[in-house]
Each structure stands twice: as C-alpha cells, then as structure tokens.
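# Structural characterization, general
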Amino acid sequence: MAQASYHFPRGFLWGTATSSHQVEGHNPPNNWTAWEQEKGRILHDHKSGLACDWWGGRWREDLDRAADSGQNTHRLSLEWSRIQPAPDRWDEAALDRYREIMRGMFERSLLPMVTLQHFTLPLWLAEQGGWENERIVDDFAAYARKVVEALKEYVTMWVTINEPNVVMASAYLFGDFPPGKKDLGAAMTAGRNMLRAHAAAYHAIHKIQPQARVGVAMNYRGFAPARSWSPLDRWAARTQSLMFNDLFPRAVQKGKIYLPVGFQRIPEVAGTQDFIGVNYYTRDQVAFNLFKPGELFARRFFLPGADLSDTGFIANVPQGMFDALKWALQFEVPIIITENGVEDADDDLRPRYLLQHLHQVWRAVNFNWPIKGYYHWSLVDNFEWERGWTQRFGLWELDVETQARRKRPSADLYAEICRENGITSEMVERYAPEVMSSLFPD
Ligand code: BGC
C-alpha cells in the first residue's frame, strides 16, 4: 500500500511528562511519604523509595533517552518539600540542583515545562490543613516567587497545579489520596483554595516574568450516559462532567464556580490562564444510582468488551481525546496535551493506544484548534501513587530493584513519530497492524 501520513504543524511540541515524587526518589517529608508509611494506604504497601533515582543523578540518562529519541520538550515538576523544608527555610542547594536539571534540558535541546505542584505538599503544610487551610494561598504564591526567581532564565512555561480536580476527588471525596477524606464540603474548600492559590501564583509569576505562559493541567475524563435514552443517566453523566471537568477551568476563565444549581463568585481568579493543559486517559459510562450520594449518584464503569489496560485502570477510548480537545476549546486559550498514556508492562496495547490517540489529536489540529503539543505519560515507569509499582506507564521499563532500564517497542515508535512530526501508515503497519484499517482506510 502507498505510504500515507498525518502530519502535525511545524514547531509542535513532542515530549514526555514526569513528576517529582514519582521519579526523584529519597523523597523528603511530604504528605505522600507520610501516607506511604500508613499501612494499607498504598497497594501492597509499596513505597516510592529510590523511585527512578533522579535526585541521585539518573535524570541525566533518562533525559538523554528523551532527547536521543527525538523529543523536543520535557514536562517535570518541582518538589515543594525539598525547596521549602520548613515554613521559614528555603533550601538553596535544592534550587541549585533544579537549576542544573534545567540547564541539562537546554543542553539536550529539551524545552522545559515546569509544574509547581504535582499532588505532594510539604508535610508541615499538610499538618496545617493543606488545601483546606486558606493560608496555603499566600504560601503557594511565595513558593512560586522563589522558584521563578531561581529558574527564570530557563523556564517560561509553567503549570501551577497538576490536576486540581483529581485532588478534589481522590483526596477529599474518595479518600485514596492524603488526607483520605470523604467529605464534599472539604473537597469544595480545597477546590476554592486551589483556585485562589493558582491565581495568586499566576500573578506572582507574571510580575517577575511578563512573557511567561502559565496554566493548569486538568484531568479531562469522558462521561457518557450508560443508557442514552435515560434522563437520569444523562443527568448523572452531566453532573460528573460539571463537577469533575468543568468546575475548575470555568472558574479560572470566568471567576465563577458553577455548581449543579447556581454559582459562587470568585472574581480574583478570572482570566488567569495563558493555556490549558489537558491530561486525557479514558472515558467512563455513567448510570444513575440512588445509593451513591457520595459519588453524586453515579455508578461509573467501562463499556463491556472495552480494550482494557493491564489492571483494568484505563479503557482505550481514542474518541475521548477528540472530545477532550473539543471541550478545551471553550476556554479560548491555546491547548497543550500535558499527559496521555496507558499502563502496559508488556507493551501490547501501548502502540495502538498511542497511534489511535495521536490520530484524534491530528483530527483536532486539522480543525485549526490551537493545539501546541503532546506529552506522553511517561518516559520511564514510575511510582503510581496509591497503586504503587503495580502499573507501568513508561516508554522505558524500570527494574525497581536494580534501576536498570529497558526500552519498550513504544519508545521506538514514539521516537519515529517525534522525528516525522506525524504518524505514517508504515508505522501503523509495523507497530499496530490491528488498527491499520481504522487509521488508514483504503
Ligand atoms: C497523574 C500522574 C499519574 C497518571 C497515571 C495522572 O492523573 O497526573 O501523576 O501517574 O495520571 O496514573
């Protein structure tokens, strides 16, 4: 068959994403290291431990892997608990280390995208109530100022908070993340403080660096009514989407927190995003269930027969990527896919997942939607939060005991995509022939 291809615009960002707690290792006292010590919080009581040993210097070899495989950017996060180990103490040596990593990225022609806060909080802050205590708003702004002063010569692309909606849900509604609450009121308080902290950091960054591009990385999840004819299922799916997907970025756009009934004003956050980061992984079916008030009357599940990841955590629904990008358009700012990927130890699903999702991104780009880049989660297997080491998202496999890395076929596929700035029928034939007829129909 003749070679066909789907190309991306010139200058498209191709990278991978990581986060401090998940890769650095020897993590200092933060709410997650403390959580890992509590029995039963993490699957099999796994610990982040040495993680991928980035703090010990292995960031060099992993970023070599990223650069050598054609990536032109990398998204990582800073560990607040390293930089501010106590309320009245900044650790300049930690900031120097991050400066060295940023320099290392430039030497490898990897444009840094830096997240200020990816799930972890310094323990001293968590002990003061974390996101539930409004004092965090000023603390976060001070931390942002400190970091931007230190890294401004290298970094202009900033994500303030990673997935505030996941934190609201997992830490305050489902109880899987610290502090393990199941309390809608606490979730709303945390959400409000995250909004205000984001806005305060946005202004703090722009004051120091007017040319900065600042955004939030949102986790967009598709929610489809299980029975499309059922008004109750439709209501439940809409409510999930409103609370999980829409609440935070709409507040950032409009300065209003829209609830199922009515709205609250939060004017100081209006207009504080220069781009929107979209993390897309999967889509749920939603059925109304009267017995689940704590989950907003929703039972969520994957379609029977779905193409599932190793542990059933992710269903491969590429159309959801297109829906996510369409959803992101409403915010009227550039869009960056800040995470997308799948847990797949033996790499039998990842090649098709990657190609099918990028095909959807390409479709969206062809509507001239302002999509600037794609970050695959993740570069190397890393510590997957309450799921410990049971899920493998890396393009490179990690042996946690020996720290040895082994390349998965998807790493080669992604390298070809980055170099080609697109996907070709020939790549699909070699890496995922099973989706050839849907991606490149005759
Ligand atoms: C988070 C990552 C996580 C990934 C896969 C995202 O929601 O931002 O930290 O590793 O999902 O579970």
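Above this note sits the structure.
Report follows, based on the coordinates. (Residues numbered from 1 in each chain as written. Predicted model: local features only at pLDDT ≥ 70, side-chain atom pairs only at ≥ 80, totals over all residues. Heavy atoms only, no water.)

### Points about the overall build of the protein chain
Defined as follows: Only DSSP runs of H or I covering at least 4 residues are called helices, and only runs of E covering at least 2 are called strands; the numbering of each starts at the N terminus. Taken over C-alpha atoms, the radius of gyration is set against a globule rule of 2.2 Å times the number of residues to the power 0.38. Remark: exposure states derive from per-residue accessible area (1.4 Å probe, protein chains only) relative to the maximum for the residue type, with buried under 20%, exposed over 50%, and partly exposed in between. By definition, residues are in contact when any of their heavy atoms lie within 4.5 Å. Accessible surface area values rest on a Shrake-Rupley calculation with a 1.4 Å probe, where residue burial reflects the displayed protein chains alone. Under the counting rule used here, the positive set is Lys and Arg, the negative set is Asp and Glu, and His together with the chain ends is not counted. Charge positions are represented by NZ for Lys, CZ for Arg, CG for Asp and CD for Glu.
Along its length, the protein chain carries 15 helices and 15 strands. Computed over the C-alpha atoms, the radius of gyration of the protein chain is 21 Å, within 12% of the 22 Å expected from 2.2 N^0.38 for a compact globule of 442 residues. Its C-alpha atoms put the protein chain at 65 × 55 × 45 Å along the principal axes. Scored against the burial criterion, the 442 residues of the protein chain give a buried share of 60%. When contacts within the protein chain are restricted to residue pairs at least 6 apart in sequence, those whose partners lie at least 24 apart make up 73%. In the form shown here, the protein chain has an accessible surface area of approximately 17,100 Å², with 51% of it arising from carbon and sulfur atoms. If the 49 positive side-chain charges of the protein chain are averaged to one point and the 55 negative ones to another, these points end up 5 Å apart.

### Looking at the side chain of H357
Put simply, the test is: Within 3.5 Å is the distance limit for a polar contact, defined as a pair of N or O atoms, with the added protein rule that one can donate a hydrogen and the other accept it, and that residues adjacent in sequence qualify only through two side-chain atoms.
Among the structural elements, H357 can be located in helix α12 (residues 350–365). Looking at H357, the relative accessible area reads 0%, which means it is buried. Within the local environment of H357, its side chain forms a polar contact with the backbone oxygen of Y353, the two atoms lying 2.7 Å apart. For H357, the residues in contact, after removing those within four places along its chain, are Y280, Y281, N316, V317, P318, M321 and N340.

### Quick word on the site of the ligand
In plain terms, the rule: By convention in this text, a residue qualifies as near a molecule or strand provided that one of its non-hydrogen atoms is within 4 Å of it. Each residue gets one label: Ala, Val, Leu, Ile, Met, Phe, Trp, Tyr, Cys and Pro are nonpolar, Asp, Glu, Lys and Arg are charged, and the others, such as Gly, are polar.
Within the structure, the ligand sits among 14 residues, and Q22, H118, E163, E384 and W385 are positioned closest to it. Between the ligand and W377, the relevant distance is 3.2 Å, taken from an oxygen atom to a side-chain nitrogen or oxygen of the residue. A distance of 2.9 Å separates an oxygen atom of the ligand from a polar atom in the side chain of W385. The protein chains hide 95% of the 310 Å² of surface that the ligand would expose on its own. Looking at the shell around the ligand residue by residue, the class counts come to 6 nonpolar, 4 polar and 4 charged.

### A few points about the side chain of H359
The topology assignment puts H359 in helix α12. Overall, the relative accessible area of 11% leaves H359 in the buried class. Discounting residues that sit within four places of it in the chain, H359 has contacts with Y6, I423 and L439.

### Quick look at unusual backbone geometry
Look at the link from P178 to P179: it is a cis peptide, with omega at 10°. Looking at the secondary structure, you find P179 in the loop between α8 (164–172) and α9 (184–208). The omega angle of the peptide bond from W377 to S378 is 10°, so this bond is cis rather than trans. Here S378 lies in the loop between β12 (371–376) and β13 (396–398). The backbone phi angle of L296 is positive, close to 55°, even though this residue is not glycine. Tracing the chain through its elements places L296 in the loop between β9 (275–288) and β10 (298–301). What makes L296 buried here is its relative accessible area of 18%. Look at F297: it is not a glycine, yet its phi comes out positive at around 60°. For F297, the position within the fold is in the loop between β9 and β10. Residue classification places F297 among the partly exposed positions, given a relative accessible area of 27%.

### With respect to the pattern of salt bridges
What counts here: The salt bridge definition used is simple: a Lys or Arg side-chain nitrogen within 4 Å of an Asp or Glu carboxyl oxygen.
Enumeration according to the criterion identifies 34 salt bridges in this entry. Measuring nitrogen to oxygen at the nearest pair gives 2.6 Å for the salt bridge that ties R60 to E100. Residue R60 is found in helix α3 (residues 54–68), and its partner E100 is found in helix α5 (residues 92–107); the two are separated by 40 residues along the sequence. With a relative accessible area of 28%, E100 lands in the partly exposed category. We note a salt bridge from E61 to R65, for which the minimum N-O separation is 2.8 Å. With a gap of 4 residues between them, E61 and R65 both fall in helix α3, about one helical turn apart. Residue E61 is classed as partly exposed on the basis of its relative accessible area, which comes to 25%. Ionic contacts of the salt-bridge type, sharing partners, join the residues D53, R58, E61, D62, R65 and R405 into one network.

### Details of the packing of α9 against helix α10 (residues 231–254)
The packing of two helices is summarised by the inter-axis angle and the distance between the axes. Filter applied, for reference: Here, axes are lines fitted to C-alpha atoms. For helices the fit covers the stretch in contact, and angles between N-to-C directions go from 0 to 180 degrees. Helix crossings get a hand from a simple test, with the near helix turned counterclockwise from the far one by less than a right angle marking a left-handed crossing and a clockwise turn marking a right-handed one.
At their nearest, the axes of α9 and α10 sit 10 Å apart, and the two run at 35° to each other. Between α9 and α10 lies a crossing of right-handed hand. For the pair α9 and α10, contact is made by M188, G191, M194, L195 and H198 and by M243, L247, F248, A251 and V252, respectively. Split by residue class, the contact of α9 with α10 holds 8 nonpolar, 2 polar and no charged.

### Here we look at α9
Note the cut-off: Multiply 1.5 Å by the residue count of a helix minus one, and that product is the helix's expected span.
An ideal rise of 1.5 Å per residue puts 36 Å on 25 residues; α9 measures up with 36 Å between its terminal C-alpha atoms. Two or three places before G185, at the start of α9, stands the capping residue D183, its side-chain oxygen 2.9 Å from that residue's backbone nitrogen.

Read these as spatial facts, not as claims about activity.
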